[in-house]
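# Notes for the structure review
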Amino acid sequence: NAGVTQTPKFQVLKTGQSMTLQCAQDMNHEYMSWYRQDPGMGLRLIHYSVGAGITDQGEVPNGYNVSRSTTEDFPLRLLSAAPSQTSVYFCASSAPGQNTGELFFGEGSRLTVL
Amino acid sequence: AQKITQTQPGMFVQEKEAVTLDCTYDTSDPSYGLFWYKQPSSGEMIFLIYQGSYDQQNATEGRYSLNFQKARKSANLVISASQLGDSAMYFCAMRPVYTGRRALTFGSGTRLQVQP
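From a predicted model like this one, the values you see are computed outputs, not experimental measurements.

Conventions and cut-offs
- Residues numbered from 1 in each chain as written.
- Chains lettered and ligands numbered in written order.
- Predicted model: local features only at pLDDT ≥ 70, side-chain atom pairs only at ≥ 80, totals over all residues.
- Heavy atoms only, no water.
- Helix = DSSP H or I, 4+ residues; strand = E, 2+ residues; numbered from the N terminus.
- Rg over C-alpha atoms; globule rule 2.2 N^0.38 Å.
- Buried < 20%, exposed > 50% of the residue type's maximum accessible area, 1.4 Å probe, protein only.
- Contact = heavy atoms within 4.5 Å.
- Areas by Shrake-Rupley, 256 points an atom, 1.4 Å probe, with all protein chains shown as cover.
- Lys, Arg positive; Asp, Glu negative; His and termini not counted.
- Charge placed at Lys NZ, Arg CZ, Asp CG, Glu CD.
- Buried area = accessible area lost by both parts, 1.4 Å probe.
- Salt bridge = Lys/Arg side-chain N within 4 Å of Asp/Glu carboxyl O.
- Polar contact = N/O pair within 3.5 Å; in protein donor to acceptor, adjacent residues only side chain to side chain.
- Phe/Tyr/Trp six-rings, centres within 6.5 Å; stacked < 30°, edge-to-face > 60°.
- Lys NZ or Arg CZ within 6 Å of the ring centre and 35° of its normal.
- Pairing = 2+ DSSP bridges.
- Axes fitted to C-alpha atoms, helices over the stretch in contact; angles between N-to-C directions.

Glancing now at the overall build of chain A. In terms of regular secondary structure, chain A is built from zero helices and 11 strands. Its helices and strands in sequence order give chain A the pattern β-β-β-β-β-β-β-β-β-β-β, from N to C terminus. In terms of C-alpha radius of gyration, chain A reaches 13 Å, essentially the compact-globule figure of 13 Å for 114 residues. The dimensions of chain A, computed from C-alpha atoms along their principal axes, are 40 × 30 × 25 Å. Burial analysis of chain A (114 residues in total) assigns 51% to the buried set. For chain A, long-range pairs separated by at least 24 residues make up 52% of all intrachain contacts whose partners lie at least 6 apart in sequence. Counting every atom, chain A has about 5200 Å² of accessible surface; 50% of that belongs to carbon and sulfur. Where the 7 positive side-chain charges of chain A centre and where its 9 negative ones centre are 13 Å apart.

Take a look at the structure:
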């Protein structure tokens, strides 16, 4: 059971470049989300989706775009990377029927913007 | 808005001893859930334990227990009989219940080091 899969695991970009972080889950979870983790700040929500075709902004959405065309996939796009976007990015999902509603996380993607 | 505060940036504990990691929270939601996650040096986020705000008893999962004091707005994680493999970052998190938004609000974390 693959769970939540993120690619790539590591990426180095130059300022102004664009890229997409991929996230896929095979658990048929309706809810998916993206977080970034910076030293000393815990995880902060970037964008989330409660189902295919529905997305919304989180705490730190600026500089990022998302779309949700299928239940399985939730890519995160950086249109013009900035050094401030150097971080570790986590994708997470959960199922609506869960009693606790805990998030299942991918392994993370470490992004460095030079 | 919700806020999680973890005031202990780092903690040390001797192997086989118990340790308490502090977490306080603030929310205006009448019903909410509290979570603890472990992040080892390899980086993945591992769910440990959950406490619902209306649960009558404190949650327990093996060596992990959650000391939930609703009036004090605290949800401390207790790890009994610490093991070397418990060395990791620990994050407290919360979310409102009965809403479509399942986003978690995280604290800044506590780094636990277990010493032999």
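Between chain B and chain A, the residue contacts involve 17 residues of the former and 24 residues of the latter. Both faces combined, the contact of chain B with chain A buries some 1600 Å², and carbon together with sulfur accounts for 58% of it. Our count for the contact surface shared by chain B and chain A stands at zero salt bridges. Summed over the shared surface of chain B and chain A, the result is four residue pairs in polar contact (both at pLDDT 80 or more). Contributions of two or more residues to the side of chain B that touches chain A are made by β5 (32-39), β6 (46-52) and β10 (88-96) of chain B. Examining the composition of the side of chain B that touches chain A, we find that three residues originate from one element, β5 of chain B, more than from any other.

Before going further, it helps to spend a moment on the packing of aromatic side chains. Counting across every chain of the model gives 14 aromatic pairs over all chains. Aromatic side chains F105 of chain A and Y37 of chain B sit 5.4 Å apart centroid to centroid with 85° between the ring planes, which places their arrangement in the edge-to-face category. Of the two residues, F105 of chain A sits in strand β10 (residues 104-105) while Y37 of chain B sits in strand β5, which places them in two different chains. Each residue in the set Y35, F90 and F105 of chain A together with F35, Y37, F47, Y50, F91 and F106 of chain B is aromatic and connected to the rest through ring pairs, giving one cluster. The ring of F74 of chain A carries R68 of chain A above its face, with NZ or CZ at 5.9 Å from the centroid. Cation over ring: K70 of chain B sits above Y54 of chain B, and NZ or CZ is 4.1 Å from the ring centre.

With that out of the way, let us pick up the environment of Y25 of chain B. Residues and elements named next belong to chain B. You can see Y25 is positioned in strand β4 (residues 24-26). Residues Y25 and G107, 82 residues apart in the sequence, show an inter-C-alpha distance of 8.9 Å. Setting aside its immediate chain neighbours within four residues, Y25 contacts K3, I4, Y32, L34, F68, K70, K73, S74, A75 and M94. In terms of polar contacts, Y25 uses its side chain to reach the side chain of Y32, at 2.7 Å.

As enumerated under the stated definition, the model contains five salt bridges over all chains in all. Among the ionic pairs, R44 of chain A bridges to D38 of chain A, the shortest N-O distance being 2.8 Å. The same class applies to R44 of chain A as to D38 of chain A, namely buried. We note a salt bridge from R63 of chain B to D86 of chain B, for which the minimum N-O separation is 2.8 Å. Of this pair, R63 of chain B sits in the loop between β7 (60-61) and β8 (64-69) while D86 of chain B sits in the loop between β9 (74-79) and β10, placing them 23 residues apart in sequence.

A separate point is the sheet that holds strand β3 (residues 19-25) of chain A. Think of a sheet as strands paired side by side through backbone hydrogen bonds, with each pair either parallel or antiparallel. All names here are of chain A. With respect to topology, four strands assemble into an open sheet ordered β1-β3-β8-β7, the strand pairing being antiparallel. The strands lining the two open edges of the sheet, one partner per strand, are β1 (4-7) and β7 (64-66). Strand-to-strand twist in this sheet, taken as the mean axis angle between neighbours without regard to direction, amounts to 20°. Across three bridges, the pairing between β7 and strand β8 (residues 76-78) is antiparallel. Residue pairing for β8: N65 is matched across the bridge by R77.

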